[in-house]
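Breakdown of the fold
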Amino acid sequence: MCKKSRCSWAGELPIYIEYHDKEWGRPVHDDNRLFEMLILEGMQAGLSWITVLKKRKAFREAFDNFDPKKVALYDEAKMQELLANTGIIRNRLKVAATVTNAKAFLEIQKKYGSFDKFIWAYVEHTPIRNHWEKMEQIPASTVLSDQISKDLKKLGFKFVGSTIVYAFMQAIGMVNDHVANCFIYQEMNG
């Protein structure tokens, strides 16, 4: 059986391979999933993605399956409960940002009908398809992620710097950064 060619970051760990093969770069239009990915990318700041992936199940349980309506209502007692939860990343600023971001997320839903409509409008509802030969060519941020970051910050979001936003764009398929020899690239551009 021939081994599939993947983006090198997927490595050999089953959790990474599954994330690469089934999620990363595939367009997401469900608002709760978009909220989840925005929060998880912010949680990753200063850490590795594997740390976040390994804690994802605990994050989902701790944050009411990333329902922004529920998260927006979290009070100080809930924050303390989250900060005591060893299953998640217990950074006070990141946990507080999740509540702040849930409120801002709900405002966008109210104004645009869905976060999906708002965020995907930046790419005219069509994924940007890059053609990278090597992982080293892939940028950490772009002019577009700079703009989205700036706009999200104006709307009250936290932990949405340009690098975090670009990782979010990659994760939800707004940009396809699978390298050209990756089987997913072939599948999505075939």
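Residues numbered from 1 in each chain as written. Predicted model: local features only at pLDDT ≥ 70, side-chain atom pairs only at ≥ 80, totals over all residues. Heavy atoms only, no water.

Not every positive phi belongs to a glycine, and D64 is a case in point at roughly 50°. When you line up the elements, D64 lands in the loop between α3 (49-62) and α4 (68-71). Unlike most non-glycine residues, F66 shows phi in positive territory, near 55°. Checked against the element boundaries, F66 lands in the loop between α3 and α4. (Helix = DSSP H or I, 4+ residues; strand = E, 2+ residues; numbered from the N terminus.)

This part is about helix α6 (residues 92-112). With 21 residues, α6 should reach 30 Å at 1.5 Å per residue; the first-to-last C-alpha distance of 30 Å fits that figure. Here α6 has its buried residues at K94, V95, A97, T98, V99, N101, A102, A104, F105, I108 and Q109. The N-terminus of α6 is capped by N91, whose side-chain oxygen sits 2.9 Å from the backbone nitrogen of L93. Two residues or fewer past α6, G113 is found with a positive phi of approximately 95°. (Expected span 1.5 Å × (residues − 1). Buried < 20%, exposed > 50% of the residue type's maximum accessible area, 1.4 Å probe, protein only. Polar contact = N/O pair within 3.5 Å; in protein donor to acceptor, adjacent residues only side chain to side chain.)

Of all hydrophobic cores here, the largest spans 59 residues; its most connected members are F63, F115, I119, F157 and I172. The leading source of residues in this core is helix α2 (residues 31-44), at seven residues. Excluding anything up to four places from it in sequence, I172 contacts R26, P27, V28, L34, M37, I119 and W120. (Core = buried A, V, L, I, M, F, W, Y, C linked by side-chain atoms within 4.5 Å. Contact = heavy atoms within 4.5 Å.)

Attention now goes to the pattern of salt bridges. This model, assessed by the stated rule, comprises 11 salt bridges. Taking the shortest distance from any N to any O, the salt bridge between R6 and D21 comes out at 2.6 Å. Taken together, the positions of R6 in the segment before α1 (14-22) and D21 in helix α1 put the pair 15 residues apart, joining distant regions of the chain. Judged by its relative accessible area of 15%, D21 is buried. Salt-bridge contacts for E36 lead to R56; the nearest nitrogen and oxygen are separated by 2.9 Å. Taken together, the residues span a long stretch of sequence, with E36 in helix α2 and R56 in helix α3 at a distance of 20 residues. (Salt bridge = Lys/Arg side-chain N within 4 Å of Asp/Glu carboxyl O.)

Another point: the environment of N176. Inspection of the secondary structure assignment puts N176 in strand β2 (residues 175-176). Note on N176: relative accessible area 2%, which makes it buried. C-alpha of N176 to C-alpha of P27: the two residues are 149 residues apart in sequence and 8.9 Å apart in space. Residues within four places of N176 in sequence aside, it is in contact with I128, R129, N130, Y185, M188 and N189. Within the structure, N176 has its side chain in polar contact with the backbone nitrogen of H178 (distance 3.0 Å).

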